[in-house]
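A structural walkthrough
Chain by chain, the residues:
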Amino acid sequence: MGNCAIVGINWGDEGKGRMVDLLTEKYDVVVRYQGGGNAGHTVINEQGKFALHLLPSGIFRKDTINILGNGVALDPENLLKEIDEVVEKGVSLTPENLKISDRASLLLPWHRDLDELEENRLADKKFGSTKQGIAPFYSDKYQKKTILAGELYYPEHLRKHLADLLEWKNLTLTKVYGAEPYTMEKLEEWLTTYCERIKPFVCNTGKILKEAQKAGKGILFEAQLGSLRDLDYGIHPYTTSSNTMAAYAPIGSGLPSAKIDDVIGVVKAYSTCVGEGPFVCEMFGDEAEELRKAGFEYGAKTGRPRRVGPIDIVATRYGVEVQAATQIALTKMDVLSYMDKIPVCTQYTVDGEPTDDFPFPAQLNDAKPVIEYLDGWKCDISNVRKFEDLPVAAQDYVKYVEERIGCPITFVSVGPERDSIIYR
Ligand code: GDP
């Protein structure tokens, strides 16, 4: 069995969680390889409705091993909240089916504070951070100023390391932001309340992955957010602080030798974007409100209304290319059923010139969308399970998008439930 990555092609919230939940059946191991609890996957299955933030979406399958890789921002406090919520709904989560990489860095209590302090300092120039501490966390990780989860097994070393970090971080907190300093007592409390509880899940997950690879088991790599939020390839600086690319999966998961056979890119049948930053195809006014309501576009983590627009061919083609997607899952097709005519952003114009190329970030604010309209189908398609049973206009929409983005659409999702899917 081959390995597969499920990634977002656009700005995130494409419906990756529902695709991972659907496809985990075929895989033995599911790994989250980047990001933290700053976004959410919504999964609806026979066990209920779940908003996952950090937990891999494979936790609902009995024999699946779920791994949080070294590339994630591991926030013990938020992870435990999430574990408790899921367990309360009857899902079994034990060190047998959930494993945290000993090389994952811990998001420390001051990362969330620093996120908030910096957003407040930026005031009207803020980035729209979810204030989960992700940017301060990754900055510190790359400065090697974090604690690895595996250090929880070495208490003496851990306390010395924490004391050094505390001294260093208090300089920033007090001298840069004029905030209260942290104390070792506060960190001890954090260790006892949260870290001790996650410790049993922490192990050498690289070894488990290597063994799975050797045994020919299938590994599913699960990404957070999408191409346009990638730190290096996205709409800098309105990106996240990690790499959302499939190419990062082997590094962030703990299996650098992994070969990814299949990259399933998830694309929404229209566009959404949370937070600040350029969003060329954005719709406004009543038209936007109607689409937002139809798709229930409010953030899974923050409840913030998402910005909406038509499908953006320029951005999507770029996303497909950088992810090296081998196939596409087109989600939320059912949401478009109310439209008479379906808008599509087919090109951009930059300085009055039409272009098919996704612009350099600094040019994005000057780009204008070119909108064309395709026929709507105006009927409920949520019970359709075969492509040929879709109305012709819906089939044509799928074929049009497929042709323009240059990648086969092999799944069409027509509802949030696990089985609301058309295999093509
Ligand atoms: P993710 O982070 O990429 O997993 O995306 P989110 O979970 O934030 O957003 C996707 C939302 O759309 C969730 O509420 C899903 O339940 C829902 N969803 C996914 N696929 C479909 C679909 O085909 N139709 C409808 N109506 N909702 C869907």
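Placed above this text is the structure.
Throughout what follows, the structure given in this document is the object of discussion. In this text the structure is predicted, and so the values were computed from the model without any measurement.

Let us now look at the layout of surface pockets. Left-over empty space is what a probe sized like a water molecule reveals as it rolls over the atoms. Reported here for the second largest pocket is a volume of approximately 670 Å³. Around the second largest pocket, the lining is made up of 33 residues, and of these Thr42, Phe296, Arg306, Lys332 and Pro416 lie nearest the centre. Broken down by secondary-structure element, the contributors of at least two residues to the lining of the second largest pocket are α1 (16–23), β3 (41–45), β4 (48–52) and β11 (219–226). Grouping the amino acids of the lining of the second largest pocket by side-chain chemistry returns 12 nonpolar, 12 polar and nine charged.

This next bit is on the environment of valine 31. Along the chain, the position of valine 31 falls in strand β2 (residues 29–32). Between the C-alpha atom of valine 31 and that of isoleucine 219, which follows or precedes it by 188 residues, the distance is 7.5 Å. For valine 31, the residues in contact, after removing those within four places along its chain, are Ile67, Gly69, Leu209, Ile219, Leu220, Phe221, Glu222 and Ser253.

A separate point is the site of the ligand. Surrounding the ligand, one finds 17 residues, the nearest of these being Lys16, Gly17, Gly40, Thr42 and Ser413. A total of 580 Å² of accessible area belongs to the ligand in isolation, and the protein chains cover 90% of it. Secondary-structure elements contributing two or more residues to the shell around the ligand are α1 and β3. Considering every element that reaches the shell around the ligand, the biggest residue donor is α1, with three residues. Here the residues of the shell around the ligand sort into three nonpolar, seven polar and seven charged.

Our focus in this paragraph is the pattern of salt bridges. Following the criterion strictly, the structure yields 21 salt bridges and no others. Close ionic contact of arginine 121 with glutamate 118 constitutes a salt bridge, the shortest N to O distance being 2.9 Å. Of the two residues, arginine 121 and glutamate 118 both sit in helix α3 (residues 109–122), three residues apart, roughly one turn of that helix. When its relative accessible area of 55% is taken as the criterion, arginine 121 is described as exposed.

Taken together, three strands build an open sheet; the order of strands is β6-β8-β9 and the sheet is mixed. Only two strands of the sheet have a single neighbouring strand rather than two, namely β6 (73–74) and β9 (147–148).

Another aspect to go through is the packing of α3 against helix α4 (residues 134–142). In the contact formed by α3 and α4, the axes pass within 7 Å of each other and the chain directions differ by 120°. On the basis of their axis angle, the class for α3 and α4 is oblique. By crossing handedness, the relation of α3 to α4 is classed as right-handed. For the pair α3 and α4, the contacting residues are Trp110, His111, Leu114 and Asp115 in the first and Ile134, Pro136, Phe137 and Asp140 in the second. In terms of residue class, the contact of α3 with α4 is built from five nonpolar, one polar and two charged.

Its location among the elements puts glutamate 25 in the loop between α1 and β2. Considered as a pair, glutamate 25 and arginine 61 are 36 residues apart in the sequence and their alpha carbons are 6.9 Å apart.

Note that an α-helix has 3.6 residues per turn; residues three or four places apart therefore point the same way. Of all the 11 residues making up helix α10 (residues 313–323), nine are buried; the element is thus mostly covered by neighbouring parts of the structure. A distance of 3.0 Å separates the backbone nitrogen of valine 314 from a side-chain oxygen at the start of α10, and that oxygen is part of aspartate 312. Of the residues one or two after α10, alanine 324 is the one with positive phi, at around 55°.

Ranked by size, the top nonpolar core spans 52 residues in total, and within it Ile328, Met333, Leu336 and Tyr397 carry the most contacts. Counting residues per element, this core draws most heavily on helix α11 (residues 392–405), at five residues.

A word on the state of the cysteines. By definition, a disulfide links two cysteine residues through a covalent bond between their sulfur atoms. Under the counting rule described, the total for this entry stands at zero disulfides. Free cysteine: cysteine 345, not disulfide-bonded; nearest cysteine sulfur from cysteine 281 at 5.5 Å. Cysteine 345 sits in the buried class, given a relative accessible area of 0%.

This part takes up the sheet that holds strand β20 (residues 421–423). Read across the sheet, 10 strands follow the order β10-β7-β5-β2-β11-β1-β12-β15-β19-β20 without closing on themselves; strand pairing throughout is mixed. In this open sheet, the two strands that pair with only one neighbour each are β10 (202–203) and β20. Direction of pairing for strand β1 (residues 4–8) relative to β11: parallel, over a ladder of four bridges. For isoleucine 6, the partnering residue across the bridge sits in β11 and is glutamate 222. In the packing of α1 onto the sheet, contacts are made with β1, β2, β11, β12 (262–268), β15 (327–331), β19 (409–413) and β20, and the angle to β1 comes to roughly 160°.

What follows deals with the pairing of β1. Two faces make up the sheet, and in a regular strand the side chains alternate between them. Counting buried residues along β1, five of its five residues qualify, which places the element largely inside the surrounding structure. Here β1 shows no split at all, with Cys4, Ile6 and Gly8 on one side and Ala5 and Val7 on the other all buried. The pairing of β1 with β12 spans five bridges and is parallel. Paired with valine 7 across the two strands is glycine 265, which belongs to β12.

Criteria and cut-off values
Residues numbered from 1 in each chain as written. Predicted model: local features only at pLDDT ≥ 70, side-chain atom pairs only at ≥ 80, totals over all residues. Heavy atoms only, no water. 1 Å grid on protein atoms, 1.4 Å probe; cavity = no way out; pocket = protein on both sides within 12 Å on 5 of 7 lines; lining within 4 Å. Points joined across faces, edges and corners; volume = space filled by probe spheres on them. Helix = DSSP H or I, 4+ residues; strand = E, 2+ residues; numbered from the N terminus. Nonpolar A, V, L, I, M, F, W, Y, C, P; charged D, E, K, R; others polar. Contact = heavy atoms within 4.5 Å. Near = heavy atom within 4 Å. Areas by Shrake-Rupley, 256 points an atom, 1.4 Å probe, with all protein chains shown as cover. Salt bridge = Lys/Arg side-chain N within 4 Å of Asp/Glu carboxyl O. Buried < 20%, exposed > 50% of the residue type's maximum accessible area, 1.4 Å probe, protein only. Pairing = 2+ DSSP bridges. Axes fitted to C-alpha atoms, helices over the stretch in contact; angles between N-to-C directions. Parallel < 35°, antiparallel > 145°, perpendicular 65-115°, else oblique. Left-handed = near helix turned anticlockwise from the far one by under 90°. Polar contact = N/O pair within 3.5 Å; in protein donor to acceptor, adjacent residues only side chain to side chain. Core = buried A, V, L, I, M, F, W, Y, C linked by side-chain atoms within 4.5 Å. Disulfide = S-S within 2.5 Å.

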